[in-house]
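The chain contents come next:
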Amino acid sequence: MRPMPTDPSPAPRSRRGLLLAVTGLAGLALGLTSIVPPRSDRAVVAVSRLGHGVRLLDEGLSLSFLPLERRIVLPRVAGAAVLESAIDLPLPGGGVAPVAVTLRLEGSGPLPLDAAEVRRSGWDAAAGAWLAPRLGLGEDATAGLVTASPLWAEIFGHGAPSAPDLAPRLTPALAPLRLRAVELNSRTTEEAVRAAARQELLRLAPRRGRLVVLGLDALDWSLVDELAARGAMPNLARVMARGAHAALDVPAPLISPVVWTTIATGVPPETHGVLDFLEPDPAGGPPRPISSRARKATALWEMAAAAGRSSAVIGWWATFPAVSPLGGVVFSDRLTEQLLGLEKDVPGLADPPEAAARARKLAVRAADVTPDMLASLVRVSPQELVQARERQGGWDEPVGGLAKLWAATLTVERLTASELERGTDVVLAYLEGTDMVGHLFGPFRPPAMPGTDPTVAARFGGVADRYHLAVDAWIGRVAAALGESDSLVIVSDHGFTWGNDRPRVAAGTHTATAELWHRPQGVFIAAGPAVRRNAVRQRLGILDVAPAILAVAGLPVGAEMPGRVPAWLQAERAPALPSPIRWAALSPVRPPTGMELPPEAREEELAKLRALGYLAGGAPVPTSVAAPLGGSTARPVASPAPQLSPAVPVRRVDRAEARRLTNLGPSRASAGDRRAAEESYRQAIAADPGYAAAHYNLALVLRSSERIAEADTAFWRAVELGVRERELAVVRLALDYQQRGDPAKAREVFAEGRRRFPDSAPIWLNSGVYLGEQGDLAEARTCLERAVALAPANPAAHTNLAAACLALGDREGARRALAEAVRLRPDDAELKRQLQAVQGP
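Residues numbered from 1 in each chain as written. Predicted model: local features only at pLDDT ≥ 70, side-chain atom pairs only at ≥ 80, totals over all residues. Heavy atoms only, no water.

Draft legend 1. Local environment of the overall build of the chain. In terms of regular secondary structure, the chain is built from 34 helices and 24 strands. Looking at the chain as a whole, 51% of its 841 residues qualify as buried. Once local pairs closer than 6 in sequence are excluded, the contacts in the chain between residues at least 24 apart make up 68%. If you sum the accessible surface of the chain, you get close to 37600 Å²; carbon and sulfur atoms cover 56% of it. (Helix = DSSP H or I, 4+ residues; strand = E, 2+ residues; numbered from the N terminus. Buried < 20%, exposed > 50% of the residue type's maximum accessible area, 1.4 Å probe, protein only. Contact = heavy atoms within 4.5 Å. Areas by Shrake-Rupley, 256 points an atom, 1.4 Å probe, with all protein chains shown as cover.)

Draft legend 2. View of the pattern of salt bridges. Summed over all chains, the structure comprises 52 salt bridges. Notably, a salt bridge pairs E302 with R295, separated by 3.0 Å at the nearest N-O pair. In this pair, the class of E302 matches that of R295, namely buried. Measuring nitrogen to oxygen at the nearest pair gives 3.5 Å for the salt bridge that ties R422 to E354. Residue R422 is located in the loop between helix 17 (398-421) and strand 17 (426-431), and its partner E354 is located in helix 14 (residues 353-362); the two are separated by 68 residues in the primary sequence. Salt bridges linked by common partners bring R703, E706, D712, D736, R740, K745 and E748 together as one network. (Salt bridge = Lys/Arg side-chain N within 4 Å of Asp/Glu carboxyl O.)

Draft legend 3. Structural view of unusual backbone geometry. Going from A175 to P176, the amide bond is cis rather than trans, its omega being 15 degrees. Note that P176 resides in the loop between helix 6 (167-174) and strand 9 (178-186). Going from D351 to P352, the amide bond is cis rather than trans, its omega being 5 degrees. Summarising the element assignment, P352 is placed in the loop between strand 16 (350-351) and helix 14. Backbone geometry places E706, a non-glycine residue, at a positive phi of 65 degrees. Positionally, E706 belongs in the loop between helix 26 (692-704) and helix 27 (708-720). Phi is positive for E725, close to 50 degrees, though the residue is something other than glycine. As for its position among the elements, E725 is in the loop between helix 27 and helix 28 (726-739). Residue classification places E725 among the partly exposed positions, given a relative accessible area of 44%.

Draft legend 4. Representation of the sheet that holds strand 11 (residues 243-249) in the model. With respect to topology, nine strands assemble into an open sheet ordered 16-15-14-17-10-18-21-11-22, the strand pairing being mixed. Each edge of the open sheet carries a strand with a single partner, namely strand 16 and strand 22 (538-541). Examined bridge by bridge, strand 11 and strand 22 share four bridges and lie parallel to one another. Note that in strand 22 the partner of D249 across the bridge is G541. The strands touched by helix 17 within the sheet are strand 10 (211-216), strand 14 (311-314), strand 15 (328-331) and strand 17, with strand 17 carrying the most contacts at an inclination of about 175 degrees. (Pairing = 2+ DSSP bridges. Axes fitted to C-alpha atoms, helices over the stretch in contact; angles between N-to-C directions.)

Draft legend 5. How the structure looks around a nonpolar patch on the surface. Together, I35, L61 and L63 give the surface a local cluster of nonpolar side chains, amounting to about 300 Å² of exposed area. Among the structural elements, L63 can be located in strand 4 (residues 62-63). (Patch = residues over 30% accessible without salt bridge, like charges linked within 9 Å, V, L, I, M, F, W, Y side chains within 5 Å.)

Draft legend 6. Inspection of the side chain of N534 at higher detail. Checked against the element boundaries, N534 lands in the loop between strand 21 (521-527) and strand 22. You can call N534 buried: its relative accessible area is 18%. Excluding anything up to four places from it in sequence, N534 contacts G243, A244, H245 and W568.

Draft legend 7. Seen up close, the sheet that holds strand 8 (residues 109-110). Pairing is antiparallel across the open sheet formed by seven strands, whose spatial order is 8-3-2-5-6-7-9. One side of each edge strand has no neighbouring strand; the edge strands of this open sheet are strand 8 and strand 9. Both strand 3 (residues 54-56) and strand 8 contribute to a ladder of two bridges, which runs antiparallel. When the bridges of strand 8 are listed, R55 appears paired with P110. Contacts from helix 6 reach strand 7 (96-106), strand 8 and strand 9, with the element oriented near 130 degrees to strand 9.

Draft legend 8. Summary view of the packing of aromatic side chains. Tallied over the entire structure, the rule returns 13 aromatic pairs. Ring centres of W260 and Y430 lie 5.1 Å apart, and the angle between their planes is 70 degrees; this geometry places the pair in the edge-to-face category. Residue W260 is found in helix 10 (residues 256-265), and its partner Y430 is found in strand 17; the two are separated by 170 residues along the sequence. One exposure class covers both W260 and Y430, and it is buried. (Phe/Tyr/Trp six-rings, centres within 6.5 Å; stacked < 30°, edge-to-face > 60°.)

Draft legend 9. Local environment of the nonpolar core. L214, L216, L236, F331 and I490 are the most contacted members of the largest nonpolar core, which totals 73 residues. Element by element, the count of residues in this core is highest for helix 17, at 10 residues. The contact partners of F331, leaving out residues within four places of it in the chain, are V313, I314, G315, W316, T319, L349, A350, A355, R358, A359, L415 and E419. Membership of the second largest hydrophobic core comes to 70 residues, among which are V274, A307, V531 and L540. (Core = buried A, V, L, I, M, F, W, Y, C linked by side-chain atoms within 4.5 Å.)

Read these as spatial facts, not as claims about activity.
This is the structure:
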């Protein structure tokens with residue numbers, strides 16, 4: 001019989017128990033790690049580590065053997081697992097659009113993805129590789145995703161098309177999972193959207209010939225008509241004959257940087273940001289000439305480049321430092337001025353660098369100008385040119401100023417010719433010379449103004465006309481370089497006083513009185529296949545210029561532009577223009593990089609500011625100087641501000657900022673926002689309480705709002721501060737009261753004017769005329785006698801005195817006054833008739 005087994009020893013029993021415990025714990029751990037507990041905010045995808053299976057686990061309790069399956073956690077929203085994937089879809093014309101695809105899945109079961117592909121390339125790439133071909137989206141559908149972006153809608157102004165319904169294409173492949181929704185969202189960058197928008201714009205507005213815009217500063221219809229009638233501007237006359245022309249209404253202020261930027265952008269100054277010749281220095285130094293940093297709105301040359309046209313701009317205001325658009329060239333406004341005064345190369349004069357290299361080869365410096373080059377304008381000797389350079393004369397010196405003017409003119413002409421030879425689609429060239437020649441030589445144009453040197457007038461009196469003949473020859477060369485499908489636009493920012501309306505103030509190019517020589521009517525001429533021929537001179541608003549130029553080029557008007565394309569401009573058979581687009585969204589302004597001029601260039605700027613009359617004396621002044629809080633009539637001066645006791649509060653006076661704000665006011669007022677205009681003027685007064693123009697413009701806007709008492713207070717403050725033409729301003733105020741039906745107030749204003757300006761012939765003369773109309777003949781005669789004493793060479797004073805004497809029964813006094821008027825104006829037949837009637841048979 002077998003022996004009975006004996007119990008194991010304690011040691012083996014202990015090891016067996018430990019093994020069972022470890023095995024149990026391992027099994028428990030394996031079981032626990034195979035369980036996926038339910039959670040409402042996430043879904044789990046199990047990916048085989050060895051095979052090909054990929055499955056979406058159930059929303060409830062699920063099992064996934066972790067050693068054999070990798071788990072990927074996805075979001076779960078409202079009971080549906082959210083599967084997102086990024087894919088690239090092809091765009092028309094090349095390129096791809098990054099798109100985010102979102103699937104919302106319900107249920108559980110296998111996903112049609114290969115686990116091996118997930119292991120090899122990752123979940124996102126594997127999901128995208130499976131989705132892309134199954135979406136079935138062609139290039140057009142992909143383009144629709146781009147056009148669905150908010151930026152596209154902002155550019156073109158229309159809503160996004162409806163997204164394609166992709167559920168029917170994907171549902172069968174995902175069964176047994178239920179596809180609740182599929183969403184497509186473009187992840188295209190803004191630049192990619194703009195690139196696609198540019199392609200679309202090129203389709204909507206294909207190239208149809210070149211466009212040249214010649215900006216001729218201060219070109220004036222009165223002089224153009226006179227010279228054209230004499231046959232002296234035949235090329236401009238031919239352009240007019242084959243196109244349309246208009247008188248351009250230009251609102252105040254007639255300041256070149258402001259108006260030319262309005263022309264270039266099609267938006268008012270408060271939008272484009274260029275408000276004066278000057279801008280603040282961010283470093284806190286003196287104000288500096290306006291730069292491209294100030295412009296906030298897209299310009300025509302940037303619009304042309306965005307539309308797929310090669311473009312070039314030459315010398316336009318507020319383009320330094322130069323920043324060229326893609327496919328464009330910028331020759332900045334400092335290029336000619338810089339080369340006129342300095343030999344050093346300065347960065348930022350042109351962009352891209354290749355353009356700067358060409359500019360250096362083509363530019364003409366004032367030092368390069370020879371007597372032969374000036375011979376068509378005036379004869380000068382080599383010694384005179386040398387002496388002018390040695391004196392370093394400013395623009396107001398005839399010979400030196402003419403050399404600078406001609407060098408700048410030749411530079412602009414050469415750069416324009418270069419761009420035309422290169423076949424550039426859109427060229428905008430600005431020439432300041434048509435304004436400068438008037439300021440330099442306008443007083444000498446026959447008949448020379450009183451007070452000019454007869455010898456100087458005889459020598460330089462014909463320069464202005466001859467310069468315009470040279471400009472006309474340039475217009476002819478430009479026109480000859482264009483073909484039948486090309487267009488030419490000529491525009492000016494304002495007119496110029498060439499005749500008897502020339503003001504009796506200094507005409508210097510860059511003096512503070514320069515603006516008084518400008519007339520608020522510019523020139524607009526357009527010719528080309530899209531322009532209707534029209535011999536009748538039309539009218540055009542300044543905000544209509546940019547839309548008109550775009551229409552001539554066949555490009556859409558800016559949706560941000562308040563102006564319109566005039567009905568008289570477009571030819572009947574011209575192709576219809578595309579719908580307006582928002583150019584600011586398609587081609588936003590790129591700010592220039594920080595760029596500082598070398599010391600000598602900076603000093604050149606300051607010298608120009610002093611010539612402009614904005615800085616006094618021979619040394620730069622700070623942007624702000626101290627003035628007592630009560631307001632000071634003193635203007636900023638070159639000397640340091642007086643040292644005040646710390647106990648006395650001071651106000652910072654900023655003349656440059658006051659000018660900018662005052663220039664902003666008329667634009668706001670012309671737009672009908674008198675309240676905003678008033679705010680601009682009050683802010684200007686706060687910046688500089690002694691700035692007379694701000695007080696005067698405030699008076700005008702208050703009067704237009706019928707706040708008469710406040711307006712009068714502001715008006716007389718402006719008079720006290722020395723507003724320009726203040727004597728005539730007094731006359732205008734009195735006549736305004738007369739028109740309002742308040743003769744007593746008109747009489748009061750005239751009396752106050754005579755008290756303040758006892759030696760003002762205009763005030764005494766207009767007082768006498770007004771009082772005579774009111775029947776106060778005795779006082780009228782007193783005023784007119786005073787006017788005659790103050791202005792004995794004024795025939796109007798004698799004529800009106802004769803009328804007053806005759807009304808009082810003093811025929812002899814009337815005879816004497818009329819006889820003097822006839823002596824002063826011997827060719828006036830009406831005066832002779834009146835004198836004969838007084839003398840009797």
